[in-house]
There are 2 protein chains.
Amino acid sequence: MPDSASVIPRSTLQEEIATRLRAEIVEGFWEPGARLQERILCERYGVSRSPLRETFQILVKEGLLELLPGRGAVVTRPTMTDALENIEVLIALESMSIALACERASDAALAEIESLHEKMRKSVDENKVKNFYKFNNAVHTAIVHASGNSAMIAAHANHQRHITRLQNLSGALQAITADSLAEHDEFVGALLARDADKASEKLRAHLNTTAEKIRLRILESE
Amino acid sequence: MPDSASVIPRSTLQEEIATRLRAEIVEGFWEPGARLQERILCERYGVSRSPLRETFQILVKEGLLELLPGRGAVVTRPTMTDALENIEVLIALESMSIALACERASDAALAEIESLHEKMRKSVDENKVKNFYKFNNAVHTAIVHASGNSAMIAAHANHQRHITRLQNLSGALQAITADSLAEHDEFVGALLARDADKASEKLRAHLNTTAEKIRLRILESE
DNA sequence: TTATTGTATATTGCATGCAATATTGATATC
DNA sequence: GATATCAATATTGCATGCAATATACAATAA
């Protein structure tokens, strides 16, 4: 019997479908509230209903789909309240991650974060909005990876995805994050100096400005 | 067309199976490393393979199962490293939650937490170990609920489950948490006084003592 | 004996079948 | 014209079928 370490990894159909469908929902191809009929998706992906329905369960867990009994899969509608809840979770995960990264991350990992930060700065200088969001998210993701905690990394990805989705759908958060470069300077600087307390506090402050703006929007819309 | 608010909620088969199988894995009925053959589980739960396989995807997302292509579902083996990773995530989520709870929770919610805390104290006095773990976990869960953040609540449940499972499987963490009453006094006291910074710091310190003990065990076992 | 090969059986991964429910759309009613 | 009713159709939820793969086991060789 081969032990699990020597088993050649094989990809499953559900993983493939999940990757495609997830990306299409996050990119906005499938609109919030859209009903996903099994037959249509089966034809689109060239698979049968069994692996597709298994995939639905994955995306339900990720918060991208809702399954209404008797009525099938519906794309969730991201609200500002959802965004706020997810941001609060990201504050928790990222402020912990950056502290861990200060203690544990390799110099190479920190250098990579600094490099992404500089690319983000350049995107601002050149007014390339799409790149700005890309590198902004990349910096946050890299910090969590630098924690070396795989449970943290997985949880973060699940929550960050919802923020990315809102950015893609509406540009609703664009103005919100556009002035964040100076704040990034602060927590990236503290991270490079491996000052865990300061890095954690500055990252928390940064995300809190976003959270506060979302709270204001929620209040306005009531 | 009835709008979604008026739809009578129906439970699905996957939810039922997931609830049962999840509980059985967490309780240790299915041992770490056990292979879950579809036929056996189908007979046990009186369902067919389709809803069972959909349930597998849910429990994979929760980290309780692993799906090996061609070889089916296997119960994951919780390791001390997993426990440490999950504790670090819990530190992040709970320290944020208690700060939010200080600001937002109703007096009734705080009173409920205090009541659970007193039940935990009583369990210690009466040396009822099982109740101690039950109310210990209940206090932590109630604090996260008091944050009012449903994304936080869901994420916390997913990570706390792994710690509960380790407690059930081996009693491995029992000695680790047995001396935590005094620490609970500290952060519950700060929460009741709605002192967010102090509550957050004391809760973090409490969970850090557990994390440190796990780190020591990992070092010893290497 | 232990290791190896070949074969029978069991199990999985995906496809399809079927009954119950939901949706659609035409007709009738106000 | 708007609304209600009911039959026709489509879709879902779960069960089952089938081919490919994995497992178990007996026969054989070292």
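Above this text you will find the structure in question.
Residues numbered from 1 in each chain as written. Chains lettered and ligands numbered in written order. Predicted model: local features only at pLDDT ≥ 70, side-chain atom pairs only at ≥ 80, totals over all residues. Heavy atoms only, no water.

Draft legend 1. The arrangement of unusual backbone geometry in detail. All names here are of chain A. Positive phi is not limited to glycine here, since R194 has a value of about 55 degrees. Mapped onto the elements of the fold, R194 is located in the loop between α9 (181-192) and α10 (196-220). According to the relative accessible area criterion, R194 is partly exposed, its value standing at 32%. (Helix = DSSP H or I, 4+ residues; strand = E, 2+ residues; numbered from the N terminus. Buried < 20%, exposed > 50% of the residue type's maximum accessible area, 1.4 Å probe, protein only.)

Draft legend 2. Quick look at helix α2 (residues 38-45) of chain A. Residue and element names in this part refer to chain A. Residues of α2 that are buried include every one of E38, L41, C42 and Y45, and no others. The buried side chains of α2 occupy one side of the element, clustering within an arc of 105 degrees when seen end-on. More than 90 degrees from the buried face of α2, the exposed residues found are R39 and E43. Buried residues along α2 sit in contact with α1 (13-27), β1 (35-36) and α3 (49-61). Of the residues one or two after α2, G46 is the one with positive phi, at around 65 degrees. (Arc of directions from axis to C-beta. Contact = heavy atoms within 4.5 Å.)

Draft legend 3. Region of the structure containing the interface of chain A and chain B. Taken together, the 36 residues of chain A in the interface contact 36 residues of chain B. In this assembly, chain A packs against chain B so that about 2,900 Å² is buried in total across both faces, 53% of it on carbon and sulfur atoms. For the pair chain A and chain B, the interface holds six salt bridges. With a closest N to O distance of 3.0 Å, A:R53 and B:E54 form a salt bridge. Summed over the shared surface of chain A and chain B, the number is 16 residue pairs in polar contact (both at pLDDT 80 or more). Going through the elements one at a time, α3, α4 (80-104), α7 (150-170) and α10 of chain A are the ones with two or more residues in the side of chain A that touches chain B. Sort the elements by how many residues they give to the side of chain A that touches chain B and α4(A) lands first, with 10 residues. Classifying every residue of the side of chain A that touches chain B by side-chain character gives 14 nonpolar, 11 polar and 11 charged. (Buried area = accessible area lost by both parts, 1.4 Å probe. Salt bridge = Lys/Arg side-chain N within 4 Å of Asp/Glu carboxyl O. Polar contact = N/O pair within 3.5 Å; in protein donor to acceptor, adjacent residues only side chain to side chain. Nonpolar A, V, L, I, M, F, W, Y, C, P; charged D, E, K, R; others polar.)

Draft legend 4. Structural detail: the protein's contact with DNA strand C. Of all residues adjacent to DNA strand C, which total 22 residues, the nearest are A:S48, A:S50, B:Q37, B:R49 and B:R53. For DNA strand C, the backbone makes up 67% of the atoms found within 4 Å of the protein, where backbone means sugar plus phosphate. The contact in question runs from a base oxygen of DNA strand C to an N or O atom on the side chain of A:R49, over 3.0 Å. Note that a phosphate oxygen of DNA strand C is positioned 2.7 Å from one of the side-chain N or O atoms of B:Q37. For the surface near DNA strand C, the secondary-structure elements that each account for two or more residues are α1 and α3 of chain A together with β1 (35-36), α2 (38-45) and α3 (49-61) of chain B. The greatest single-element share of the surface near DNA strand C, amounting to three residues, is contributed by α3(A). Its residues assigned to classes, the surface near DNA strand C shows six nonpolar, seven polar and nine charged. (Near = heavy atom within 4 Å.)

Draft legend 5. Summary view of the protein's contact with DNA strand D. Near DNA strand D there are 22 residues, and of these A:Q37, A:R49, A:R53, B:S48 and B:S50 occur at the shortest range. Close to the protein, within 4 Å, the atoms of DNA strand D belong to sugar or phosphate groups at a rate of 68%. In this structure, a phosphate oxygen belonging to DNA strand D sits 2.8 Å away from a side-chain N or O atom of A:R53. Within the side chain of B:S50, one N or O atom sits 2.7 Å away from a base nitrogen of DNA strand D. Counting residues per element, the ones that place at least two in the surface near DNA strand D are β1, α2 and α3 of chain A together with α1 (13-27) and α3 of chain B. A total of three residues in the surface near DNA strand D trace back to one element, the largest contributor, which is α3(B). By residue class, the composition of the surface near DNA strand D is six nonpolar, seven polar and nine charged.

Draft legend 6. Spotlight on the pairing of strand β2 (residues 65-68) of chain A. Residue and element names in this part refer to chain A. Relative to strand β3 (residues 72-75), β2 is paired through four bridges, and the arrangement is antiparallel. Residue pairing for β3: L67 is matched across the bridge by A73. The antiparallel hairpin formed by β2 and β3 contains three residues in its connecting segment, where G70 sits at a positive phi of about 85 degrees. (Pairing = 2+ DSSP bridges.)

Draft legend 7. Highlighting the pattern of salt bridges. Overall, the coordinates contain 33 salt bridges over all chains when judged by the stated rule. One salt bridge in this structure joins A:D107 and A:R194, with 2.8 Å as the shortest N-O distance. In this pair, A:D107 sits in helix α5 (residues 107-125) while A:R194 sits in the loop between α9 and α10, placing the two residues 87 residues apart along the sequence. A cluster of three or more residues bridged by salt bridges with shared partners is formed by A:R22, A:E62, A:R161 and B:K61.

Draft legend 8. Expanded view of the environment of A:I58. Looking at the secondary structure, you find A:I58 in helix α3. Separated by 40 residues in sequence, A:I58 and A:A18 place their C-alpha atoms 7.3 Å apart.

Draft legend 9. Representation of the environment of B:R121 within the structure. All names here are of chain B. Among the structural elements, R121 can be located in helix α5 (residues 107-125). For R121, a relative accessible area of 24% puts it in the partly exposed group. Separated by 20 residues in sequence, R121 and T141 place their C-alpha atoms 16 Å apart. The residues touching R121, leaving out its near neighbours within four places in the chain, are L181 and D185.

Draft legend 10. Seen up close, the relation of the copies chain A and chain B. Superposition of chain A onto chain B requires a rotation of 180 degrees combined with a translation of 0.0 Å along the rotation axis, giving an RMSD of 0.0 Å. Such a combination of turn and shift is consistent with a two-fold rotation axis. (Least-squares fit on C-alpha atoms with pLDDT ≥ 70 in both.)

Without other data, these values stay purely geometric and don't point to any function.
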